[in-house]
Amino acid sequence: FPVTIRGSTFYSFLNGELELDNRDNTFNPRRGDHSLFRSRVNTDWLGSDVNFFELAAKHSEFMELSPRLVWANKIGSNYLKPLDSTDVIPLSQRLFLGGRNSLRGYSRNSIGPRVEEGDIVGGDLSLTMSTELQYSLTEELVLVGFVDADQAVLEDKGDFQGLDDNLSELRYSPGFGVRYKTPIGPLSVEYGF
């Protein structure tokens with residue numbers, strides 16, 4: 001029968017972030033690039049119950065191929081590493097992929113290592129990639145075709161005995177959508193397979 005374990009864990013983070021933004025428009029870019037590098041440390045000397053660090057990097061490029069056509073490419077990776085007495089990354093801090101911001105053809109948080117019963121337990125290493133073509137029908141209305149490729153794995157397994165994925169075994173999701181540009185960012189409807 002299923003066992004439910006309840007408890008609480010206190011986290012205390014020290015964060016650092018570097019952002020480089022050369023896009024022509026923050027919300028509706030047509031040219032340029034954007035890079036984000038983040039690190040965070042969670043340690044007991046800050047009062048935390050667990051010790052680990054995270055490194056994350058994301059990069060996006062936007063190329064205007066014609067007045068109506070933009071090619072956008074994105075790549076990102078997250079890496080979580082337990083430190084000292086912590087053997088594995090706590091479940092609430094692990095990486096889960098799928099949904100609007102990663103694999104658009106999969107349900108939210110449905111990609112990652114699984115136990116044999118099928119439940120997803122999340123990873124500590126992820127890779128996300130996306131390429132899309134954006135075609136402007138009007139000044140505000142844009143058609144989009146995309147392909148996403150992502151994966152999450154669990155490097156520091158601890159007692160984990162489940163089904164593990166390999167980072168090279170990417171999940172793919174092609175799709176299409178429509179976006180309506182607004183001054184505060186696009187409103188979109190996208191469908192992934």
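Now for a description of the structure that goes with this document. Please read these numbers as outputs of a predicted model, since none were measured by experiment. (Residues numbered from 1 in each chain as written. Predicted model: local features only at pLDDT ≥ 70, side-chain atom pairs only at ≥ 80, totals over all residues. Heavy atoms only, no water.)

## Some remarks on the nonpolar core
The tendency in soluble globular proteins is for nonpolar side chains to be buried side by side.
Alright, step 1. Ranked by size, the top nonpolar core spans five residues in total: Val50, Phe52, Leu80, Ile89 and Leu95.
Alright, step 2. With sequence-adjacent residues up to four places away left out, Val50 is seen in contact with Thr9, Phe10, Tyr11, Asn42, Thr43, Asp44, Thr86 and Pro90. (Core = buried A, V, L, I, M, F, W, Y, C linked by side-chain atoms within 4.5 Å. Buried < 20%, exposed > 50% of the residue type's maximum accessible area, 1.4 Å probe, protein only. Contact = heavy atoms within 4.5 Å.)

## Here's the deal with the side chain of Thr43
Alright, step 1. Counting through the fold element by element, Thr43 comes out in the loop between β2 (32-42) and β3 (52-64).
Alright, step 2. Looking at Thr43, the relative accessible area reads 5%, which means it is buried.
Alright, step 3. Only 2.9 Å separates the side chain of Thr43 from the side chain of Trp45, close enough to count as a polar contact.
Alright, step 4. If we skip the residues at most four places from it in the chain, Thr43 touches Ser12, Ser48, Val50 and Asn51. (Helix = DSSP H or I, 4+ residues; strand = E, 2+ residues; numbered from the N terminus. Polar contact = N/O pair within 3.5 Å; in protein donor to acceptor, adjacent residues only side chain to side chain.)

## Observations concerning the sheet that holds strand β8 (residues 187-192)
Alright, step 1. The strand order across the open sheet built from eight strands is β1-β2-β3-β4-β5-β6-β7-β8, with neighbouring strands paired in antiparallel fashion. Each edge of the open sheet carries a strand with a single partner, namely β1 (13-21) and β8. For this sheet, the mean angle separating the axes of adjacent strands, direction not counted, is 15°.
Alright, step 2. Across 13 bridges, the pairing between β3 and strand β4 (residues 69-82) is antiparallel. Counted as the bridge partner of Met63 is Trp71 from β4. (Pairing = 2+ DSSP bridges. Axes fitted to C-alpha atoms, helices over the stretch in contact; angles between N-to-C directions.)

## Describing the pattern of salt bridges
Close approach of charged atoms allows side chains of opposite charge to pair.
Alright, step 1. Across all of its chains, the model carries 13 salt bridges by this definition.
Alright, step 2. In this structure, the salt-bridge partner of Asp21 is Arg23, at a minimum N-O distance of 2.8 Å.
Alright, step 3. When its relative accessible area of 35% is taken as the criterion, Asp21 is described as partly exposed.
Alright, step 4. Put simply, Glu54 and Arg38 hold a salt bridge, and the shortest N to O gap is 3.0 Å. (Salt bridge = Lys/Arg side-chain N within 4 Å of Asp/Glu carboxyl O.)

## Remarks on the packing of aromatic side chains
Geometrically, a pair of aromatic rings is defined through the distance of the ring centres and the angle of the planes.
Alright, step 1. Counted by the stated rule, this structure contains six aromatic pairs.
Alright, step 2. With 6.0 Å between their ring centres and 10° between their planes, Tyr11 and Phe13 make a pair best called stacked.
Alright, step 3. Taking relative accessible area as the criterion, Phe13 reaches 29% and is therefore assigned partly exposed.
Alright, step 4. With a centroid separation of 6.2 Å and 70° between ring planes, the pair formed by Phe53 and Tyr79 is classed as edge-to-face. With Phe53 in strand β3 and Tyr79 in strand β4, this residue pair connects regions lying 26 residues apart in the sequence.
Alright, step 5. Owing to a relative accessible area of 23%, Phe53 belongs among the partly exposed residues under this scheme.
Alright, step 6. For Tyr79, a relative accessible area of 29% corresponds to the partly exposed category.
Alright, step 7. Sitting over the ring of Phe146, Arg104 keeps its end group 3.7 Å from the ring centre. (Phe/Tyr/Trp six-rings, centres within 6.5 Å; stacked < 30°, edge-to-face > 60°. Lys NZ or Arg CZ within 6 Å of the ring centre and 35° of its normal.)

## A look at the pairing of strand β6 (residues 141-153)
Alright, step 1. Judged from the 12 bridges that link them, strand β5 (residues 125-136) and β6 form a sheet pairing that is antiparallel. Opposite Leu127, over in β6, you have Gln151 as the bridge partner.
Alright, step 2. The loop that links β5 with its antiparallel partner β6 comprises four residues.
Alright, step 3. Judged from the 10 bridges that link them, β6 and strand β7 (residues 171-180) form a sheet pairing that is antiparallel. If you follow Val142 over to β7, its bridge partner there is Arg179.

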